[in-house]
There are 2 protein chains.
Amino acid sequence: MGKNNLYGKMCRCEPGVRHRLSRWDPDETTGLDKEQAQEQFDKTIKRLQELEFLLYAENKQSVLVVLQAMDAGGKDGTIRNVFGPLNPQSCKVTAFKTPTSVELSHDFLWRIHAVTPRPGEIAVFNRSHYEDVLIARVKNLVPKTIWSKRYRQINDFERLLAENGTHILKFFLHISRDEQLKRLKKRLEDPTRYWKVDPADFEERKLWGDYQKAYEDAFTRCSTDYAPWYIIPANHKWFRNLAIARILAETLEGLKMTFPAPKYDVKKIKVK
Amino acid sequence: MGKNNLYGKMCRCEPGVRHRLSRWDPDETTGLDKEQAQEQFDKTIKRLQELEFLLYAENKQSVLVVLQAMDAGGKDGTIRNVFGPLNPQSCKVTAFKTPTSVELSHDFLWRIHAVTPRPGEIAVFNRSHYEDVLIARVKNLVPKTIWSKRYRQINDFERLLAENGTHILKFFLHISRDEQLKRLKKRLEDPTRYWKVDPADFEERKLWGDYQKAYEDAFTRCSTDYAPWYIIPANHKWFRNLAIARILAETLEGLKMTFPAPKYDVKKIKVK
């Protein structure tokens, strides 16, 4: 990463180090106010659109963005705001829900592998294979002998992707427990959001500590040079959007992409 | 369709009638200038974003948009401008290229069926199963005994989708032969577009008449009440974008969607 990768440096989980969420402030805004952030965000999106076109034209490398968060952490809003302005032909979102019976009959990476990006594409995962070391662990959906092997399996899988031209960025949208409460309550006040309400989400809050611990282990064991985790301060949505857009732009800038040379001698083509 | 469906009425291929492209003016703008069209377009996109959210929340019906055009007809630009502003989580684009050997070993609708939209989604096809009665017919990729059966097979397939809650809109981006030439020439002048240049595209121009005839047969035989074809005047990109956005909005307005009732008694949920 170059010297302009400020956001990446701030949010990146250094590989091989034990990470604790209590050391990261979900309220961080680096002194920016909302208006300043919005201005920077708009510029970054314009630049991202150019970089996305170049990635698509070059047709060699790809990007995989993993989004994970606690309930109400802002995954949907991030997708709408940061990835919405990109070209839907090259930026594809997959939301992973409770596995179907067919998916469960395969190994946990099977359904993930099927939708990894092709050259030129940006794939965005709303939830991901990390659920298999998060909810699967916290709720005892599989025994420890199974989930404890998955960290290495994930690292091996992500290395395979990386060695084949996929740049992996994993974002944890970090909100505080109070902020989650505020957002869940808001859903109870807006009739156009009632369909999102599930009492189970409020029950899950009791497991907050277990989830945070499971996340910390995922960062500690699966933040690698080829697929780093970033912890994004996400209590302020406008700062969250800016940080993710900036890290994506910094990464794309670093790929040294070029427009491919013409496959034919353009001057020799007769047009009529 | 209601009385406000002006664009739909103007562009729709009436089912059961013989269609000739020479009767449709690719330069049509209904008297609008670019600035007026842009203003209407911006309003329509805002409305589309609301309607898309409602479609997603209701989670019952889906939309399938088919985009077909001659080379340089504007499929990519339409996707960027009209579908780009929608939420990539519910609006998914698939580009169909030359079939792979696996795809070719199945019937021609197999790869199409695999990516039809789920409830709540808008699927956009950049090219589609119609290539199998267009290029496949014009270039004799399969014998007439094969492709001539496909019109009925397509109608049966599209009816299946329609009867299962998918609203199908098929758009032909109608440009003139001169406009195509202008656009292909432009690619030869822009180094960032060289990678798109293929001398074969210029050769294909010789088959213009054959393609137009194949398209006319597709409109005549496959414009149905449940899956109509729309011929979009597309020499002016700004009018093309407006017409497609309006027809999509008119269609969504007609679905009488409502936000689902809460699955639980919201008042009984305890928040802490």
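Not measured: the values here are computed from a predicted model. (Residues numbered from 1 in each chain as written. Chains lettered and ligands numbered in written order. Predicted model: local features only at pLDDT ≥ 70, side-chain atom pairs only at ≥ 80, totals over all residues. Heavy atoms only, no water.)

### Brief notes about the relation of the copies chain B and chain A
Here's step 1: Screw-axis analysis of chain B against chain A gives a translation of 0.0 Å along the axis, an RMSD of 0.0 Å, and a rotation angle of 180 degrees. As the rotation angle and translation indicate, the two copies are arranged about a two-fold axis.
Here's step 2: When the interface residues of chain B are mapped onto chain A, 100% of them again lie at the interface, so the same face is used by both copies. (Least-squares fit on C-alpha atoms with pLDDT ≥ 70 in both. Contact = heavy atoms within 4.5 Å.)

### Side note on the sheet that holds strand E5 (residues 229-233) of chain A
Sheets are built from strands that pair by backbone hydrogen bonding, the pairs being arranged parallel or antiparallel.
All names here are of chain A.
Here's step 1: Spatial strand order, E2-E3-E1-E4-E5: 5 strands in an open sheet with parallel pairing. Looking at which strands have only one partner, the edges of the open sheet turn out to be strand E2 (91-95) and E5. With direction set aside, neighbouring strand axes in the sheet form an average angle of 20 degrees.
Here's step 2: Of the pairings in the sheet, the one linking strand E4 (residues 166-174) to E5 comprises 5 bridges and is parallel in character. Residue Lys170 lies in a different strand from E5, and its bridge partner there is Trp229.
Here's step 3: Each of strand E1 (62-69), E4 and E5 touches helix H10 (residues 208-222); the most contacted strand, E4, lies at about 155 degrees to it. (Pairing = 2+ DSSP bridges. Helix = DSSP H or I, 4+ residues; strand = E, 2+ residues; numbered from the N terminus. Axes fitted to C-alpha atoms, helices over the stretch in contact; angles between N-to-C directions.)

### Describing helix H3 (residues 75-83) of chain B
Here's step 1: When H3 of chain B is considered as a whole, its buried residues turn out to be Lys75, Gly77, Thr78, Ile79, Val82 and Phe83 of chain B.
Here's step 2: Here the buried face of H3 of chain B lies against helix H2 (34-58), strand E1 (62-69), strand E2 (91-95), strand E3 (122-126), strand E4 (166-174) and helix H11 (237-253) of chain B. (Buried < 20%, exposed > 50% of the residue type's maximum accessible area, 1.4 Å probe, protein only.)

### A short note on the packing of H3 of chain B against H11 of chain B
The angle between the axes and the distance between the axes are what describe a pair of packed helices.
Residue and element names in this part refer to chain B.
Here's step 1: Look at H3 against H11: their axes get within 10 Å of each other, and the N-to-C directions meet at 55 degrees. With respect to each other, H3 and H11 are oriented oblique. As H3 runs across H11, the sense of the crossing is right-handed. Here Gly77, Thr78, Asn81, Val82 and Phe83 of H3 come into contact with H11, specifically with Arg240, Asn241, Ile244, Ala245 and Leu248. (Parallel < 35°, antiparallel > 145°, perpendicular 65-115°, else oblique. Left-handed = near helix turned anticlockwise from the far one by under 90°.)

### Remarks on helix H7 (residues 144-163) of chain A
Residue and element names in this part refer to chain A.
Here's step 1: End to end, H7 covers 29 Å across 20 residues, agreeing with the expected 28 Å (1.5 Å per residue, within 8%).
Here's step 2: At Tyr151, H7 shows its largest kink, close to 30 degrees.
Here's step 3: Buried residues in H7 make contact with E1, helix H5 (110-113), helix H6 (135-138), E4 and H10.
Here's step 4: Looking one or two places after H7, you find Gly165, whose phi comes out positive at around 95 degrees. (Expected span 1.5 Å × (residues − 1). Bend = angle between axes of the 7 residues up to and from the residue.)

### Here we look at the sheet that holds E1 of chain B
Residues and elements named next belong to chain B.
Here's step 1: The strand order across the open sheet formed by 5 strands is E2-E3-E1-E4-E5, and the pairing between neighbours is parallel. Every interior strand has two partners, whereas the edge strands, E2 and strand E5 (229-233), have only one. In this sheet, neighbouring strand axes are inclined to one another by 20 degrees on average, regardless of whether the strands run parallel or antiparallel.
Here's step 2: By the bridge criterion, 5 bridges tie E1 to E3 in an arrangement that is parallel. Pairing of Leu64 across the sheet is with Ala123, part of E3.

### Some words on the pairing of E1 of chain B
Residue and element names in this part refer to chain B.
Here's step 1: Counting buried residues along E1, 8 of its 8 residues qualify, which places the element largely inside the surrounding structure.
Here's step 2: Burial along E1 is two-sided: the residues Ser62, Leu64, Val66 and Gln68 and Val63, Val65, Leu67 and Ala69 are all buried.
Here's step 3: Inspection of the sheet shows E1 paired to E4 by 8 bridges, in the parallel sense. Each residue of the ladder has a partner; that of Ser62, found in E4, is Thr166.

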